[in-house]
Amino acid sequence: MRPTRIKTREETMGDQDLPHPETRAVHIAAPPLQGCRPLSVPIYQSSTFAFDDPDAFAEAMSRPDGAFVYSRRGNPTVRALEGAIADLEGGRAALATASGMGAISAVLLSLLSTGDHVIAQRCLYGGTYSLLSELSTRFGIDVTYVSGTDAEEVRAHVRPTTRLLYLETIANPTTRLADLPALLGAGRDAGLVTVVDNSFASPLLCRPIEHGADVVVHSSTKFLAGHSDVTGGVAVFATEDTYRACWKNAVELGATADPFAAWLTIRGLQTLGLRMRRHCDNAAHLARNLAVHPAVKAVHWPGHPDHPDHGLARRLLDGFGGVLAFDLAGGRGAGRTFLSAVRLACLAPSLGGVETLVLHPASTSHRELDTAALQAADIGEGTVRVSVGLEHPDDLWHDFEQALSRI
Ligand SMILES: *Cc1c(COP(=O)(O)O)cnc(C)c1O
């Protein structure tokens, strides 16, 4: 059996009759058998593949789209997932990894060398920020941080050694949006490789390759798999050259996804359309109610008319997302009271699962920042982040309301 052929950009993007993403997410092709195909993609739980022909074996070793030979280099279940996400993102090919950080580190270590300069958005996922700091101190890769909202700022920081621009579609926990069309345009004009972390939006809400991104990375642990039961990542590439360069490094680094994790992700991906709609609707319901509650100082959600990027969100996103944050007027103490009082929502890191999760960034995900750094990152002492789940909206608000009443 041959691996799925890598699709051309035209095949994934140019076809006017292409069904909607919700439809494509449901129909994930399994490798064919003789005369039929399994409707559900099977788990190919095999670390290695046996050959009849020594020449075919030798040939299979050289390329990502050669025959399957060893699962660290490629596996049919993993390839089905890669094909599905490449299709949803409008990319040429994808690389599934063991975690989101596996995808991000494989991409950065593949594309960067000592002496290179990176421009990255200031408000980044913590693991990505740590990785960039390490690349800077240990491997001599200089990083400049920018707001992520101003293309002129990116242009002003480009140097002859600048190689890569790194952005996140929706930032955590502020829910600020990167102005992808403007920033990716500035990156392209300067000849930079552009990488966008699209974990918070998912390809149902935003497809950065359509706005000029070269690479899209995901923590599929979050919305793509969506059930808080699997750790995984994926990188999607606009060109085959970038894909091949990153595939080689990912295989060497051992960042590869496990077939069972890939299968769980496929299983989750098929309901992504339904789930994203409910995540967004529930977030809208909570945001509306939180905004008029006396204990709440501010709500941060791109769908809120007062959000600084609301206009951009209307242009960039096909839905305002399932993550919101709100600032309690009572500061850190109020945050603690709220978190101790919720009954339905769970106190947990991560996001994008079926259950509503809440956390207090100042004491958990962003605990290393002092008050000044928190302020610079636009995170208050009383900020609570919510990954809005799929519960009935009335039950969710009922839980939030009773928890707010304790403050
Ligand atoms: C969770 C997350 C990651 C890291 O993904 P893991 O699967 O935990 O390795 C990267 N970026 C964003 C935006 C995330 O939310």
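Residues numbered from 1 in each chain as written. Predicted model: local features only at pLDDT ≥ 70, side-chain atom pairs only at ≥ 80, totals over all residues. Heavy atoms only, no water.

### Describing the nonpolar core
Next up, step 1: Counting 54 residues, the largest nonpolar core has L167, L180 and L269 as its most contacted members.
Next up, step 2: Per element, the largest residue contribution to this core is seven residues, and it comes from helix α4 (residues 76-89).
Next up, step 3: Counting contributing residues, this core receives three or more from each of domain 1 (10-269) and domain 2 (273-404).
Next up, step 4: Other than its neighbours up to four places away in sequence, L269 contacts A25, I28, L81, A84, I85, L88, L224 and R275. (Core = buried A, V, L, I, M, F, W, Y, C linked by side-chain atoms within 4.5 Å. Buried < 20%, exposed > 50% of the residue type's maximum accessible area, 1.4 Å probe, protein only. Helix = DSSP H or I, 4+ residues; strand = E, 2+ residues; numbered from the N terminus. Domains from an automatic or database assignment. Contact = heavy atoms within 4.5 Å.)

### Focus on empty space enclosed by the protein
Next up, step 1: Within the structure shown, the criterion is met by five cavities of 30 Å³ or more.
Next up, step 2: Of the voids in this model, the largest cavity is the one considered here, and its volume is about 100 Å³.
Next up, step 3: In this structure, the largest cavity is lined by 16 residues; those nearest its centre are R72, R73, E82, L95 and T256.
Next up, step 4: Sorting the residues of the lining of the largest cavity by element identifies α4, β1 (93-97) and α10 (240-253) as the ones contributing at least two each.
Next up, step 5: A per-class count over the lining of the largest cavity returns seven nonpolar, five polar and four charged.
Next up, step 6: For the second largest cavity, the calculated volume is near 60 Å³.
Next up, step 7: If you trace the second largest cavity, you find 13 residues lining it, with R63, P64, A67, R73 and G74 closest to the centre. (1 Å grid on protein atoms, 1.4 Å probe; cavity = no way out; pocket = protein on both sides within 12 Å on 5 of 7 lines; lining within 4 Å. Points joined across faces, edges and corners; volume = space filled by probe spheres on them. Nonpolar A, V, L, I, M, F, W, Y, C, P; charged D, E, K, R; others polar.)

### A word on the domain arrangement of the protein chain
Next up, step 1: According to the domain assignment, the protein chain contains domain 1 (10-269) and domain 2 (273-404).
Next up, step 2: One C-alpha centre belongs to domain 1, the other to domain 2, and the line joining them spans 27 Å.
Next up, step 3: Taken residue by residue, the interface counts 31 residues in domain 1 and 36 residues in domain 2.
Next up, step 4: Buried area between domain 1 and domain 2, summed over both chains or domains, comes out near 2700 Å², and the portion from carbon and sulfur atoms is 63%.
Next up, step 5: Our enumeration of links across domain 1 and domain 2 arrives at twelve residue pairs in polar contact (both at pLDDT 80 or more).
Next up, step 6: Taken together, the residues of the side of domain 1 that touches domain 2 break down into 15 nonpolar, eleven polar and five charged. (Buried area = accessible area lost by both parts, 1.4 Å probe. Polar contact = N/O pair within 3.5 Å; in protein donor to acceptor, adjacent residues only side chain to side chain.)

### Observations regarding the site of the ligand
Next up, step 1: Neighbouring residues of the ligand: S99, G100, M101, I104, Y125, D197, S199, F200, S219, T221, K222 and G232.
Next up, step 2: Between the ligand and the protein, one listed contact pairs an oxygen atom with a backbone N or O atom of G100 at 2.9 Å.
Next up, step 3: In isolation the ligand exposes 380 Å². Once the protein is present, 90% of that is buried.
Next up, step 4: Structurally, the ligand is housed in the largest pocket.
Next up, step 5: Sorting elements by how many residues they give to the shell around the ligand places helix α5 (residues 100-111) first, with three residues.
Next up, step 6: Tallied by class, residues from the shell around the ligand come to four nonpolar, six polar and two charged. (Near = heavy atom within 4 Å. Areas by Shrake-Rupley, 256 points an atom, 1.4 Å probe, with all protein chains shown as cover. Sits in = over half its atoms within 2 Å of the grid points.)

### Overview of the sheet that holds strand β4 (residues 162-168)
Next up, step 1: Across the sheet, which stays open at both edges, the seven strands sit in the order β1-β7-β6-β5-β4-β2-β3 with mixed pairing between neighbours. Sheet topology places β1 and β3 (142-146) at the edges, where each strand pairs with a single neighbour. Direction aside, the axes of adjacent strands within the sheet are offset by 20° on average.
Next up, step 2: Together, β1, β4, β5 (193-197), β6 (215-219) and β7 (233-237) form the strand contacts of α5, whose direction differs from that of β6 by roughly 150°.
Next up, step 3: The sheet strands contacting helix α6 (residues 126-139) are β2 (117-121), β3 and β4, and the helix crosses β3 at an angle near 140°. (Pairing = 2+ DSSP bridges. Axes fitted to C-alpha atoms, helices over the stretch in contact; angles between N-to-C directions.)

### A look at the environment of H117
Next up, step 1: Structurally, the position occupied by H117 is in strand β2.
Next up, step 2: Exposure remark for H117: the relative accessible area of 0% places this residue in the buried category.
Next up, step 3: Among the polar contacts listed, one links the side chain of H117 to the side chain of T144, at a separation of 2.6 Å.

### As for the layout of surface pockets
Next up, step 1: Computed from the structure, the largest pocket encloses a volume of approximately 1100 Å³.
Next up, step 2: Lining of the largest pocket is provided by 48 residues; of these, L124, Y125, G126, N172 and H366 occupy positions nearest its centre.
Next up, step 3: Broken down by secondary-structure element, the contributors of at least two residues to the lining of the largest pocket are α5, α6, β3, β6 and α15 (371-376).
Next up, step 4: For the lining of the largest pocket, the residue count by class is 20 nonpolar, 19 polar and nine charged.
Next up, step 5: The residue makeup of the lining of the largest pocket includes at least three contributed by each of domain 1 (10-269) and domain 2 (273-404).

### Remarks on the packing of α5 against α10
Next up, step 1: Contact geometry of α5 with α10 gives a least axis separation of 9 Å together with a crossing angle of 115°. Between α5 and α10, the angle falls in the class roughly perpendicular. Judged by the twist between their axes, the crossing of α5 over α10 is right-handed. Here A106, V107, L109, S110 and L111 of α5 lie close against α10, whose contacting residues are T242, A245, C246, N249, A250 and L253.
Next up, step 2: Tallied by class, the residues present in the contact of α5 with α10 amount to eight nonpolar, three polar and no charged. (Parallel < 35°, antiparallel > 145°, perpendicular 65-115°, else oblique. Left-handed = near helix turned anticlockwise from the far one by under 90°.)

### Brief notes about the packing of helix α12 (residues 272-291) against helix α16 (residues 393-404)
Next up, step 1: Relative orientation of the contacting elements α12 and α16 amounts to 35°, with a least axis distance of 10 Å. Along this stretch, α12 crosses α16, giving a crossing that reads as right-handed. Residues R278, N282, H285, L286, N289 and L290 of α12 touch α16, and the partners they reach there are P393, D394, L396, W397, F400 and L404.
Next up, step 2: A breakdown of the residues in the contact of α12 with α16 according to their chemical character gives seven nonpolar, three polar and two charged.

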